[in-house]
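# Chains, contacts and geometry: an overview
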Amino acid sequence: MGSSTDTFFPGSLVSAEWLHSHLNEVQVVDASWFLPTMNRDAKAEHLSKRIPGAVFFDLDAIADVSVPLPHMLPSNEAFGAALDALGITNTTPVVVYDNFGLLSAARVWWTFKVFGHSQVAVLDGGRPKWEAGGHELDSTAPKVDVNAGAEAAKRAQEAPGSVPVKYQANLDVSAVRTFEQMLANCGSKAEQVADARSAGRFGGTAPEPRPGIPSGKIKNSYNVPFDSLLKDGLYKPPEELTSLFAASGLDLSGSKPIIASCGTGVTACVLVLGLDQIGVKDVSVYDGAWTEW
């Protein structure tokens, strides 16, 4: 996916104080998304209040909507068309946040990275930490329509080549795992699988949030609940992250690549971003995740 950081950013995570000091130098992206059981409306929340200048990235719509699985990666053209509509170029420094704190922002960070956008970071702690720091929110009408990215992606998917796309996206397929690759890995064990779901869902004792999906785990996978990496909405220090990942059974030496998975490919990226904090780079994401499996 290229380098984990860009010279513009201090790292793949930035603090609310850093963002406040550099707000006019970056494009802020609201990547808010919620599990069905959370009963929250990300679009409505964006329209109500947002970090000043933020545009809305619709995770469910800027996706491959031709498949029955939720928020699978879009095509290069659809992603590029969405970013054009949001006013983002290949060289725009982007800071992604969500209203939960750290949930979907990591997925959108990974999406930008996997399409070749190097200048992207995540706001550690999201909007809650921004507000806790006393920084202002914008409640006026957004300058970019909340549906702009989604509508552009839909047009590009329904009629490829019909609209010129300026943003040049280039999907790094080596950073994505398919069902067939996961099936083969069950036999070869060439890569380690880290599952970000709760211990209950992983162990089959708690239900999945989507109807009709049984809980359980992929063979030979390790459980690292995404929220175990966080404290007070922020990532834990690197030494604690290292201990948590190692305690799950994962080999962090770099000798075996890691595949991150979860329910639908969202919180898996919280693991990817956490591994990035401790210098573990050879990490991919199973896009279809447990729902496909």
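Structural data are supplied above this passage.
Residues numbered from 1 in each chain as written. Predicted model: local features only at pLDDT ≥ 70, side-chain atom pairs only at ≥ 80, totals over all residues. Heavy atoms only, no water.

### Concerning the pairing of strand β4 (residues 94-97)
Condition: Only protein chains enter the area calculation, which uses a 1.4 Å probe; residues under 20% of their type maximum are buried, those over 50% are exposed, and those in between are partly exposed. Numbering of helices and strands runs from the N terminus; a helix is a DSSP stretch of H or I covering at least four residues, while a strand is a stretch of E covering at least two. A pair of strands is labelled paired if DSSP reports no fewer than 2 bridges between them. Orient the strands so they point away from the viewer, and a crossover whose first-strand-to-second-strand path over the helix runs clockwise is right-handed.
Burial along β4 is two-sided: V94 and V96 facing one way and V95 and Y97 facing the other are all buried. In this sheet, β4 lies alongside strand β2 (residues 27-30) in parallel orientation, the contact comprising four bridges. Paired with V29 across the bridge in β4 is V96. In terms of strand pairing, β4 meets strand β5 (residues 120-123) through three bridges, oriented parallel. Within β5, the position partnered with V96 by the bridge is V122. Read as a crossover between parallel neighbours, the route from β4 over helix α4 (residues 105-114) to β5 is right-handed.

### Observations concerning the packing of helix α9 (residues 238-247) against helix α10 (residues 268-277)
Packed helices, taken two at a time, are described by the angle their axes make and the gap between the axes. Here is the rule: Angles here are taken between N-to-C directions and fall from 0 to 180 degrees, while the axes themselves are lines fitted to C-alpha atoms, restricted in helices to the stretch in contact. Orientation labels follow simple angle bins: below 35 degrees gives roughly parallel, above 145 gives roughly antiparallel, 65 to 115 gives roughly perpendicular, and whatever is left gives oblique. Each helix crossing is assigned a hand: it is left-handed if the near helix lies turned anticlockwise from the far helix by less than a right angle, otherwise right-handed if that turn is clockwise. By the convention used here, residues are in contact when the closest approach between their heavy atoms is within 4.5 Å.
Running from N to C, α9 and α10 cross one another at 120°; their axes reach a closest spacing of 9 Å. When the interaxial angle is binned, α9 and α10 end up oblique. Viewed along their axes, α9 and α10 form a crossing whose handedness is left-handed. For the pair formed by α9 and α10, the contact residues are P238, L241 and F245 on the first element and L271, G274, L275 and Q277 on the second.

### Side note on the packing of helix α3 (residues 76-86) against helix α6 (residues 148-158)
Defined as follows: Gly falls in the polar group here, along with every residue not listed as nonpolar (Ala, Val, Leu, Ile, Met, Phe, Trp, Tyr, Cys, Pro) or charged (Asp, Glu, Lys, Arg).
At their nearest, the axes of α3 and α6 sit 7 Å apart, and the two run at 145° to each other. As α3 runs across α6, the sense of the crossing is right-handed. Residue-level inspection shows E77, A78, A81, A82, A85 and L86 of α3 in contact with α6, the latter providing A148, G149, A152, A153 and A156. Of the residues that constitute the contact of α3 with α6, the class distribution is nine nonpolar, one polar and one charged.

### Notes on the sheet that holds β5
Pairing is parallel across the open sheet formed by five strands, whose spatial order is β1-β5-β4-β2-β3. Single-partner strands in this sheet number two, and they are β1 (13-14) and β3 (55-56). One ladder, built from two bridges, connects β1 with β5; its direction is parallel. Bridged to V14 within β5 is L123. Across the sheet, α4 is in contact with β4 and β5; its angle to β5 comes to roughly 175°.

### Concerning the side chain of S12
Basically, it comes down to this: Whenever two N or O atoms come within 3.5 Å, that pair is a polar contact, provided that in protein one can donate a hydrogen and the other can accept it, and provided that, for residues adjacent in sequence, both atoms are side-chain atoms.
Along the chain, S12 turns up in the segment before β1. A polar contact of 2.6 Å, which involves the side chain of S12, links it to the side chain of D276.

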